[in-house]
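Fold and geometry: a report
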Amino acid sequence: MHIADSLTTISLDTTAKEPLFRQLYVAIRTAILSGQLGAGTQLPPTRDLAGQLGVSRQTILNAYDQLMAEGYLSGTVGKGTFVAQGLRRHSEQARIASPVPRRPLSTRGAAFVAANTRLNIHDGRARAFRSGMPGIDLFPFDVWGRLEARRWRRHDHHFGYDDPAGYAPLRECLAAYLRTSRGVQCDASQVIITSGSQQALFLAAMLLLSPGDRAWVEDPGYRGVTAPLHAAQAAVCPVPVDSDGMQVSIGIERFPDARLAYVTPSHQLPLGVTMSLQRRLELLAWAASRQAWIVEDDYDSEYRYSGPPLASLQSLDRTGCVIYTGTLSKVLFPALRLGYLVAPVELVEAFVQAKALMDRGCPIVPQMTLADFIVEGHFSRHIKRTRDAYAERRASLLDSLDAMTGRMKGLIDIGSADAGLHVAVGFCDGRNDQAFSDTAWQHGLDVRPLSPYFATGNGLSGQRPEPRSGLLLGFAAVPPRELRQGARLLEKLLLESPGLQGG
Ligand SMILES: Cc1ncc(COP(=O)(O)O)c(C=O)c1O
């Protein structure tokens, strides 16, 4: 069956309130956004599809017209209708387009769906300025492949159900790594291997928050944490960030009784600032006085380009209130789906039980391979090599941006880039960053809009920073030459695109 023929199996509900053309429009849009109907796929002629679905031809024409108007389809009458080129697959768009299930979800299930994750996915080959992504061109696939093959050859593990906390030798070497590189106070028994830090955040939200409990998040901040908090039916409390990180005194003033605070102290997402020592101490003092928990997300601190590496917030914790999370997504790559958390001693058992309940533990062979990768010195070599390469990539992006700022006369301002794999660039004229990012994608650039990182009306209100428009520009995923070419194109598009308004 040709892929577009699958449209003939769409079932339309003649008794539903929603018009038939609209049902068809949603179904086709979903198929496009989910990638089921790829760019360039020809859709069935309207007359044929109408016959197969048992509806009028006008219904099909209306659906196709709507999809054409929105840019999902292209073509002309008589010459065929095709899925448009250059559409960006996006989990958010795919979800919005999904039909509502006829039988209701549970209250919990509805909270999961309403969590409004808007988590980004990566689509296609890396292009300038993909963010959330390391340079896959630098990954030693040959070494990894050799280590993994050796594990398959020797297969001396029992290959049955294992400790849900993870492969013991991996927990040992991660504990040693975190103690020396991040000052984390832990032993291996506190390290739990997770499916990325996303799972650690989910487990923390589920274990530590009851419905209605308040949780501080940074504003602007990481969507990957607000989603599990909403799913746990917690009240998400945005606390503004300035150049010293989360403004703890505002959190205390507005939401003193919160049960949990989530922070990215080493490298704030998305603004890139580092939390000052004063703020760290204030946050720890508040948590100690309120019996609250702090989740420290230390997602990319391996990469610091000026000054000495910073110790973690957890290293200052004297009352056992910090849950520390880390990931291999930046140092190795996100699709590996390996991360870890370090639980305070009193929470270890709860986290291990929750992990067991969820998936009984992460796949064993990648964990073994990673342990070998670390023990045999490849991990530290890879960090050193990528740190040097990213420093060069970062310098080429910052040089281009500096030159651009001069020519663009105050249109953009450049955020902190002392650490991590991206830099935030603000639009001083408040132009619509989401529309700009879509346009840039059509022209071959991958830029992420900044405004969605700011809190929306979902959580508790209070005075919040105005959503700032701008872009997140990743510099690690592609080599300097592509970054420089990308910067030239970015400047051209910024000068051509409509300024002001939106956001
Ligand atoms: C703040 C933050 N935490 C964690 C992660 C990594 O998440 P994961 O380990 O689930 O891939 C990211 C990825 O972009 C991030 O931006």
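First things first, this report covers the structure right here in the doc. (Residues numbered from 1 in each chain as written. Predicted model: local features only at pLDDT ≥ 70, side-chain atom pairs only at ≥ 80, totals over all residues. Heavy atoms only, no water.)

**Re the environment of L229**
Put simply, the test is: Where helices and strands are cited, they refer to DSSP runs of H or I of at least four residues and of E of at least two residues respectively, numbered from the N terminus. For every residue, the accessible area obtained with a 1.4 Å probe (protein chains only) is divided by the maximum for its type, and the residue is called buried under 20%, exposed over 50%, and partly exposed between those limits. Contact between two residues is taken to exist if any of their heavy atoms lie within 4.5 Å; hydrogens are not considered.
Counting through the fold element by element, L229 comes out in helix α9 (residues 223-231). Take L229: its relative accessible area is 2%, and that puts it in the buried class. Separated by 185 residues in sequence, L229 and P44 place their C-alpha atoms 43 Å apart. Contact partners of L229, with chain neighbours within four places excluded, come to A205, L209, A215, V217, A234 and V236.

**Examining the site of the ligand**
The cut-off we apply is this: Consider each residue's heavy atoms; a residue with any of them within 4 Å of a molecule or strand counts as near. Whenever two N or O atoms come within 3.5 Å, that pair is a polar contact, provided that in protein one can donate a hydrogen and the other can accept it, and provided that, for residues adjacent in sequence, both atoms are side-chain atoms. Per-residue accessibility takes into account occlusion by the displayed protein chains alone, with areas from the Shrake-Rupley method and a 1.4 Å probe.
All residues adjacent to the ligand are G196, S197, Q198, Y222, Y262, L269, D297, Y299, T327, S329, K330 and R337. Within the contact set of the ligand, a nitrogen atom lies 2.6 Å away from a side-chain nitrogen or oxygen of D297. Take S329: an N or O atom from its side chain is 2.6 Å from an oxygen atom of the ligand. Relative to its unbound accessible area of 400 Å², the ligand is 90% covered by the protein chains.

**So, unusual backbone geometry**
The amide bond that connects A128 to the next residue, F129, takes the cis arrangement and shows omega of 10°. Checked against the element boundaries, F129 lands in the loop between α5 (107-113) and α6 (141-154). Between L269 and P270 the backbone carries a cis peptide bond, its omega angle lying at 10°. For P270, the position within the fold is in the loop between β8 (260-263) and α11 (277-290). With a phi close to 60°, Q233 is a non-glycine residue in the positive phi region. Residue position: Q233 is located in the loop between α9 and β6 (235-242). Taking relative accessible area as the criterion, Q233 reaches 33% and is therefore assigned partly exposed. Within the chain, Q291 stands out as a residue other than glycine whose phi angle is a positive 55°. Among the structural elements, Q291 can be located in the loop between α11 and β9 (293-297). By relative accessible area, Q291 is classed as exposed at 62%.

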